[in-house]
Amino acid sequence: MRKNIKTFFVCAIFFLIPSHLAFSMEVYKNTSLIPAGEFLMGTEEGTEIELPVHKVYLKAFRISQFEVSNKEFEMIQPKHVRSVSSPCDQCPVTLINWYDAISYCKKKNARLPSEAEWEKAARGPTGYRYSFGEISDQSKSNFANNFKFGAKTVKSFQPNGFGLYNMSGNVWEWVDDWFSFYAKTKIEKRKAVAFSEKIVRGGSWYNSAYYINVGMRFKLNPEIKLNSIGFRCAWDIEQ
Amino acid sequence: MFGIKISSDWNISENDTTAEEIYLNRRKFIENVGKLGSNILAFGAFSNFLNPIQVSAENLISRKITRRNTKKLIDFQENITSENLTSRYNNFYEFGTNKADISFLAKKLKVGQWSIKVEGLVHKPKVLDVDKIIQAMPLEQRVYRLRCVETWSAIIPWSGFPLRELIKLSNPLSTARYVKFKTFIDPNIAPGQKNRFWEPWPYVEGLSMSEAMHNLAFLAIGMYGHQLNPQNGAPIRLVVPWKYGFKSIKSIESIEFVKEPPRTFWQTVSPLDYDFWANVDPTVPYAKWDQRFESPLGREKKEKTMLYNGYAAQVRKLYS
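Everything in this summary refers to the structure shown in the same document. Since the model is a prediction, treat every value here as computed from it, not as a measurement.

Rules used throughout
Residues numbered from 1 in each chain as written. Chains lettered and ligands numbered in written order. Predicted model: local features only at pLDDT ≥ 70, side-chain atom pairs only at ≥ 80, totals over all residues. Heavy atoms only, no water. Helix = DSSP H or I, 4+ residues; strand = E, 2+ residues; numbered from the N terminus. Buried < 20%, exposed > 50% of the residue type's maximum accessible area, 1.4 Å probe, protein only. Contact = heavy atoms within 4.5 Å. Areas by Shrake-Rupley, 256 points an atom, 1.4 Å probe, with all protein chains shown as cover. Core = buried A, V, L, I, M, F, W, Y, C linked by side-chain atoms within 4.5 Å. 1 Å grid on protein atoms, 1.4 Å probe; cavity = no way out; pocket = protein on both sides within 12 Å on 5 of 7 lines; lining within 4 Å. Points joined across faces, edges and corners; volume = space filled by probe spheres on them. Nonpolar A, V, L, I, M, F, W, Y, C, P; charged D, E, K, R; others polar. Phe/Tyr/Trp six-rings, centres within 6.5 Å; stacked < 30°, edge-to-face > 60°. Disulfide = S-S within 2.5 Å.

### Observations regarding the overall build of chain B
Then, in step 1: Regarding its fold elements, chain B presents twelve helices and twelve strands.
Then, in step 2: The proportion of buried residues among the 320 residues of chain B is 54%.
Then, in step 3: Relative to all contacts within chain B whose residues are 6 or more apart in sequence, the contacts with residues 24 or more apart total 72%.

Below, the structure is given as structure tokens:
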């Protein structure tokens, strides 16, 4: 009798939840909401491409807490060949180019995070240098290891203040933007059109602390596949 | 004891190869090195350390002038590679992949306050100031053949000291089997480390302990009679003449004694093309290039490459 009542309530709840909300719950599982607001983008510790440090306002968005895993990616792209540096089901997918990444996110009704979104999310609510804090610490992230060490699973180490894992280290992550200088003048804005490289962020297991500083920018031809570059998806918030 | 040492069997004879102006430049270089150490010149031991060099250099120059004939003069001018070439045709991927750009790009390298970390299997890890190392070591000049894996070659007069002297100073444990060398990492001054971010910086190279202790393994602090140029690996670099040039790591910042062969930069980047040993061997095509012949910089005619780059008599025993 008690079991029947429980079943009745469960069914009733599902009946009452609008279908689009149920869909949202599934899609947004394992994502974090990054609130609207300003943050400081860029770093003075890099080169001219990270300068100037400037304020950016972003609308609220959601971003995956984890890098996309091999298993998740292969449900959509079963022919994907895993890297020996990231071989397990729950290891981050690598050996994918920017187009593979964006195509995967589209199939999840998502997109790649913009460069600004990625940096804001990685800095956490406090605006740290690394996703795990201000001081480089190998016990908090997978970086500065031997090249043979490889990637760890997407849920390794502690998340940052937004609940995001491995923003600094583990594998590099593609973001949506084409590379351009942080535009200061009209000339530079015009120059930026000519660039043909996408941005990757966050460093990987074999990079030193410099590269996992979340303000650092690195550019790469979007067609290149590397065993140290993965991605995660982001979603707009319906207003 | 500081002085010019010319080993009998392996050295490219200075009478045959080294220009007089190189010796004169070297005198200036040695004087400069002396200035670096002027703060300790007050100590008797150090003043003894400097004076014999200058005397020795003068003696060598005068002996050379009296011995050589016109033909020899032509020989040495042809044999030694022009510094114009060796300072403008450089592999130093930290700064880029275009050889012609490196001398310009590497100017950003600040070599003034340079130290080397000694770590790993040692009795006591330490940080050594390069200026002090230079003052403490038995400096000498050696003219070595350099053979790049890309099949170009050069003959260069280096100034420096045997690597084994630094190893003795490092006092490694008996369990140390290999020496791992690392160069600097600073993507803000080295655009290659920024633009080629996916490569495993910093550059790492390694030698077995027996190789590192061999008399020919050399740490250079100068070339052509002056301090090393940044593009040539200032302020201190390895020179291992029987191996392909990429083993001779530049701008060394760390020396670590380890048990296992260290995984080197090129092994990591392209494991099928590069091995740890990388000894010059014309019979084995290596890293995409046919190694039977080489193109000496500044010459049109190719030459046959020699086993162990011509140093087989000295180093063969290491591998038997």
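### Quick word on the overall build of chain A
Then, in step 1: Check the secondary structure of chain A and you find seven helices and nine strands.
Then, in step 2: Every one of the 239 residues in chain A was classed for burial, and the buried ones make up 49%.
Then, in step 3: Nonlocal contacts in chain A, meaning residues at least 24 apart in sequence, comprise 70% of its contacts between residues at least 6 apart.
Then, in step 4: Of the roughly 12400 Å² that chain A leaves accessible, carbon and sulfur atoms contribute 57%.

### Quick word on the nonpolar core
Burial of nonpolar side chains together is a common tendency in soluble globular proteins.
Residue and element names in this part refer to chain A.
Then, in step 1: Core analysis: the biggest nonpolar cluster contains 98 residues, and Trp174 and Phe231 have the highest contact counts within it.
Then, in step 2: Once residues within four sequence positions are removed from consideration, Phe231 is found in contact with Glu67, Val68, Phe73, Val93, Ile96, Ala101, Tyr104, Cys105, Leu112, Trp172, Glu173 and Trp174.
Then, in step 3: Phe61, Ala116, Phe162 and Ala234 belong to the second largest nonpolar core, which has 21 residues in total.

### So, the layout of surface pockets
By rolling a water-sized probe across the atoms, one finds the places where empty space is left.
All names here are of chain B.
Then, in step 1: Taken as a whole, the largest pocket encloses approximately 700 Å³ of empty space.
Then, in step 2: Residue lining of the largest pocket: 31 residues in total, with Lys180, Lys182, Trp201, Pro202 and Val204 positioned closest to the centre.
Then, in step 3: Residue classes in the lining of the largest pocket are distributed as 14 nonpolar, nine polar and eight charged.

### Considering the packing of aromatic side chains
All names here are of chain A.
Then, in step 1: Inspection of the entire model under this criterion finds 40 aromatic pairs over all chains.
Then, in step 2: Between Tyr104 and Phe231 the ring centres are 5.5 Å apart and the planes differ by 75°, which places this aromatic pair in the edge-to-face class. Taken as a pair, Tyr104 in helix H4 (residues 98-107) and Phe231 in the loop between strand S8 (229-230) and strand S9 (234-236) lie far apart in primary sequence, 127 residues in all. With respect to burial, Tyr104 and Phe231 carry one shared label: buried.
Then, in step 3: An angle of 45° between the planes, with centres 5.9 Å apart, marks the rings of Phe147 and Trp205 as tilted. In this pair, Phe147 sits in the loop between helix H5 (115-123) and strand S5 (172-178) while Trp205 sits in the loop between strand S6 (198-201) and helix H7 (209-212), placing the two residues 58 residues apart along the sequence.

### Some details on the state of the cysteines
Each disulfide is one covalent bond, formed between the sulfur atoms of two cysteines.
Residue and element names in this part refer to chain A.
Then, in step 1: In the structure shown here, the tally under the stated rule is two disulfides over all chains.
Then, in step 2: Disulfide pairing places Cys88 opposite Cys91 at an S-S distance of 2.1 Å. The sign of the S-S torsion, about 100°, decides the handedness of the disulfide formed by Cys88 and Cys91: right-handed.
Then, in step 3: Residue Cys88 is classed as partly exposed on the basis of its relative accessible area of 29%.

### Points about unusual backbone geometry
Then, in step 1: A cis geometry characterises the amide bond from B:Trp201 onward to B:Pro202, with omega recorded as 0°.
Then, in step 2: Its place among the elements puts B:Pro202 in the loop between helix H9 (191-195) and strand S6 (204-208).
Then, in step 3: Cis rather than trans, the peptide bond between B:Ala234 and B:Pro235 has omega equal to 0°.
Then, in step 4: Relative to the helices and strands, B:Pro235 is located in the loop between strand S8 (226-227) and strand S9 (237-239).
Then, in step 5: Unlike most non-glycine residues, A:Asn109 shows phi in positive territory, near 55°.
Then, in step 6: Here A:Asn109 is to be found in the loop between H4 and H5.
Then, in step 7: The exposure class assigned to A:Asn109 is exposed, which follows from its relative accessible area of 54%.
Then, in step 8: In this model, A:Asn170 sits at a positive phi of 70°, which is unusual for a non-glycine residue.
Then, in step 9: Relative to the helices and strands, A:Asn170 is located in the loop between H5 and S5.

Nothing here speaks to function; it is geometry throughout.
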